[in-house]
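# Topology and contacts: notes
Letter by letter, the chains look like this.
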Amino acid sequence: MDPLALALTPGIGPKRLLDLLQSEDPLEALKAEHRLFAAWRNGMEERAKRERERAKALGARILGLWDEDFPQSLRILPQPPTHVYVKGELPEEGVALVGARRASPWARAFTRGLARALAEAGAWVVSGLARGIDAEAHLGALEAGGRTLGVLGSGLDRIYPPEHQHLASRMDLLSEFPFGTGPRPEFFPRRNRLIAALAKAVVVVEAGEESGALITARHALELGKEVLAVPGRPTDKNSQGANRLIQDGAYPVLSPEDLLDYLRLSGAQRPKPSLSQEEAVLYEALRSLGQALPEELALRTGLAASEVLALLTALELKGLAQTLPGGRYAAL
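Residue indices begin from 1 for each chain and proceed along its sequence in written order. pLDDT decides what is reported in this predicted model: residues at 70 or higher carry local features, side-chain atom pairs at 80 or more are listed and counted, and totals for whole chains, interfaces and linings draw on all residues regardless. Here the side-chain values reflect all heavy atoms present in the structure, with hydrogen atoms and water set aside.

### Regarding the overall build of the protein chain
Strands are runs of DSSP state E lasting at least 2 residues, helices are runs of H or I lasting at least 4, and numbering of each runs from the N terminus. Within the protein chain one finds 16 helices and twelve strands. When accessible area is computed with a 1.4 Å probe and restricted to protein chains, residues below 20% of their type maximum are described as buried, those above 50% as exposed, and intermediate ones as partly exposed. Here the protein chain holds 332 residues, and 53% of them are scored as buried. Every residue pair with non-hydrogen atoms within 4.5 Å of one another is taken to be in contact. Of all intrachain contacts in the protein chain linking residues separated by at least 6 positions in sequence, the fraction that spans at least 24 positions is 65%. We get accessible surface area from the Shrake-Rupley algorithm with a probe of 1.4 Å; when it comes to residues, only the shown protein chains can shield them. For the protein chain, the accessible surface area stands at approximately 15,600 Å², while carbon and sulfur atoms represent 50% of it. Under the counting rule used here, the positive set is Lys and Arg, the negative set is Asp and Glu, and His together with the chain ends is not counted. A charge is said to be at NZ when it belongs to Lys, at CZ for Arg, at CG for Asp and at CD for Glu. Of the side-chain charges in the protein chain, 40 are positive and 42 negative, and the distance between the mean point of each set is 4 Å.

### Concerning the sheet that holds strand S10 (residues 291-292)
Here, any two strands with at least 2 DSSP bridges between them count as paired. Pairing within the open sheet is antiparallel, and its three strands lie in the order S10-S12-S11. In this open sheet, the two strands that pair with only one neighbour each are S10 and strand S11 (321-323). Two strands pair when backbone bridges link them, and S10 and strand S12 (residues 329-331) are joined in this way by two bridges, in the antiparallel orientation. Across the sheet, the residue bridging to Gln291 is Ala330, located in S12.

### Examining helix H8 (residues 133-143)
In an α-helix, one turn spans 3.6 residues; hence positions three or four apart end up facing the same way. For H8, a buried count of nine out of eleven residues is recorded, marking the element as mostly surrounded by other parts of the structure. If you check which residues of H8 are buried, you get Ile133, Asp134, Ala135, Glu136, Ala137, His138, Gly140, Ala141 and Leu142. Lining the buried residues of H8 we find strand S3 (94-99), helix H7 (105-120), strand S4 (124-127), strand S5 (148-151), helix H9 (165-169) and strand S7 (199-205). Following H8 by one or two positions, Gly145 has its phi on the positive side, about 75°.

### Examining unusual backbone geometry
Leave glycine aside and you will find that most residues have negative phi; peptide bonds, for their part, are mostly trans. A cis geometry characterises the amide bond from Tyr160 onward to Pro161, with omega recorded as 0°. Looking at the secondary structure, you find Pro161 in the loop between S5 and H9. Positioned with a positive phi, Arg264 is a non-glycine residue whose angle comes to about 60°. Tracing the backbone through its elements, the reader meets Arg264 in the loop between helix H13 (256-262) and helix H14 (277-289).

Just geometry here; none of it tells us what the structure is for.
Put into structure tokens, the structure is as follows:
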């Protein structure tokens, strides 16, 4: 009897699965459960065989609660997955960056900067491969040459959203859903509990009060993990959830250095590039504004508009600024 076949059987959850596998004769124990036995007999052994063949073809592996190397961080969940599909490796402990799908330009740029800093400090970045904040988190880690794990709300062979296929091919991936499973709204809260479990801290960047990122934060708190949040303008609906977390006690992250220091990773970060006096003035102005047009920076700093453009180019080359749509700039 393949334990994966039991795990795939409708009606068998994690507790029942372990009870059956630990019984003296799993098959006889299953026969005593007439409804479950009938479901198992309905092609589950063949389905398990196909799942293993598909995993091999995709270069993935299947880890179940019956395996010694099943992630301990998932095993201790109140409702652990019976098995997971893994492509690549898994972090012992990562840092999750989560937030809005329809993220604002400043939040995207800030997230990428956080991810770069974490990766440069040797930390894994964990997120959900969704549009917006998730994608920026993965991209930032990859740009810094780091590792990043995408936890999916679909099967490993049904990357969602479809435009993230190329991004997913550069990452480590995990899913609890069988091959061929497409995304469904109810799968994403389940996905979020795995993100929280695989991270030692969850950082929420720009999230409204109904954001799924708050589900991840709630799971993290229930698991005794650290929850941090990036503050936004009080009038921005997309920041109300993150601001509320801070109001409730989440640590406010104002810069990559804040995050690294809080997680005691600051000693591993890349040395800051040296800045001229004018570059430093402009960089601090850009950080305080979040994002700005060159004209706004000129007014803020008193520098000439032509000088501001030259300094912004210098900051971009030093990895401290990023061009945004509409001619705006953001600090990294």
